[in-house]
Amino acid sequence: QVQLVESGGGLVQAGGSLRLSCAASGSTFSAYAMGWFRQAPGKEREFVARITWRLGITTYADFVKGRFTISRDNAKITVDLQMNSLKPEDTAVYYCATRPTSTAPYNNWGQGTQVTVST
C-alpha cells in the first residue's frame, strides 16, 4: 500500500500564499491521477484540483481557478498545490488522494494538513 503524506499547511493571512505537498512512499506507485480535496468544519469534503499522472492534465474546482495551481514531480512522486490569494473560506483540512483508473474512485488518502486563513 502506498502511503500519502501531506505537508505545508499552516496559518496565513487573507491574500497570502501557501504551498502544500503530497509525497507518496511505500509500495510501487501507480495511479491514474492524484487529487487534492478539502473539508471545512461542518461541511462535506469537496474536490479542489487533480492532475493525471501520465499526461499532467489538470482540473480545478471553479472556486480555486486562477488562484491555485497543481503540479507533479514524477521522479520524486510528489504533487504540490500552490495556493495564492487565499481567502478565509479556504480554511479547511486539505487531503491528497490517488485514483487508480479514470473510472475508479479515489481510494487512497493522506491524513490531511490544516490550512487556516485569517482575516
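Each remark here, short or long, concerns the structure printed above.
Residues numbered from 1 in each chain as written. Predicted model: local features only at pLDDT ≥ 70, side-chain atom pairs only at ≥ 80, totals over all residues. Heavy atoms only, no water.

Student: Which residues make up the packing of aromatic side chains, and what values do they have?
Tutor: For the coordinates displayed, the defined rule picks out five aromatic pairs. Where Tyr106 meets Trp109, the ring centres are 6.4 Å apart and the plane angle is 55 degrees; that geometry is what we call tilted. Residue Tyr106 is classed as buried on the basis of its relative accessible area, which comes to 16%. Residue Trp109 is classed as partly exposed on the basis of its relative accessible area, which comes to 32%. Chaining the aromatic ring pairs together yields one cluster made of Phe37, Phe47, Tyr106 and Trp109. (Phe/Tyr/Trp six-rings, centres within 6.5 Å; stacked < 30°, edge-to-face > 60°. Buried < 20%, exposed > 50% of the residue type's maximum accessible area, 1.4 Å probe, protein only.)

Student: I'd like to hear about the side chain of Gln82, residue by residue, with values.
Tutor: If you trace the backbone, Gln82 turns up in strand E8 (residues 78-83). A polar side-chain atom of Gln82 sits 2.9 Å from a polar atom in the side chain of Arg19. Only 2.9 Å separates the side chain of Gln82 from the side chain of Asn84, close enough to count as a polar contact. With residues up to four places along the chain from it excluded, the contact list for Gln82 reads Ser17, Leu18, Arg19, Arg67, Phe68 and Thr69. (Helix = DSSP H or I, 4+ residues; strand = E, 2+ residues; numbered from the N terminus. Polar contact = N/O pair within 3.5 Å; in protein donor to acceptor, adjacent residues only side chain to side chain. Contact = heavy atoms within 4.5 Å.)

Student: Pulling in residues and values, what's your account of the pairing of E8?
Tutor: A large share of E8 lies buried, amounting to six of its six residues. As defined by bridge partners, strand E3 (residues 18-26) adjoins E8 across six bridges and the pair is classed as antiparallel. By the bridge assignment, Leu20 is partnered in E8 with Leu81. Direction of pairing for strand E7 (residues 68-73) relative to E8: antiparallel, over a ladder of six bridges. Note on E8: the bridge partner recorded for Ser71 is Asp80. (Pairing = 2+ DSSP bridges.)

Student: I'd like a rundown of the nonpolar core, residues and numbers included.
Tutor: By size, the foremost hydrophobic cluster in this structure holds 30 residues, and its most contacted members are Trp36, Val48, Phe68, Ile70, Leu81, Met83 and Tyr94. Contributing elements (two or more residues each) for this core: strand E1 (2-7), E3, strand E4 (33-39), strand E5 (46-52), E7, E8, strand E9 (92-99) and strand E11 (113-118). Beyond its immediate sequence surroundings of up to four residues, Phe68 is in contact with Arg38, Val48, Tyr60, Leu81, Gln82, Met83, Asn84, Leu86, Asp90 and Tyr94. (Core = buried A, V, L, I, M, F, W, Y, C linked by side-chain atoms within 4.5 Å.)

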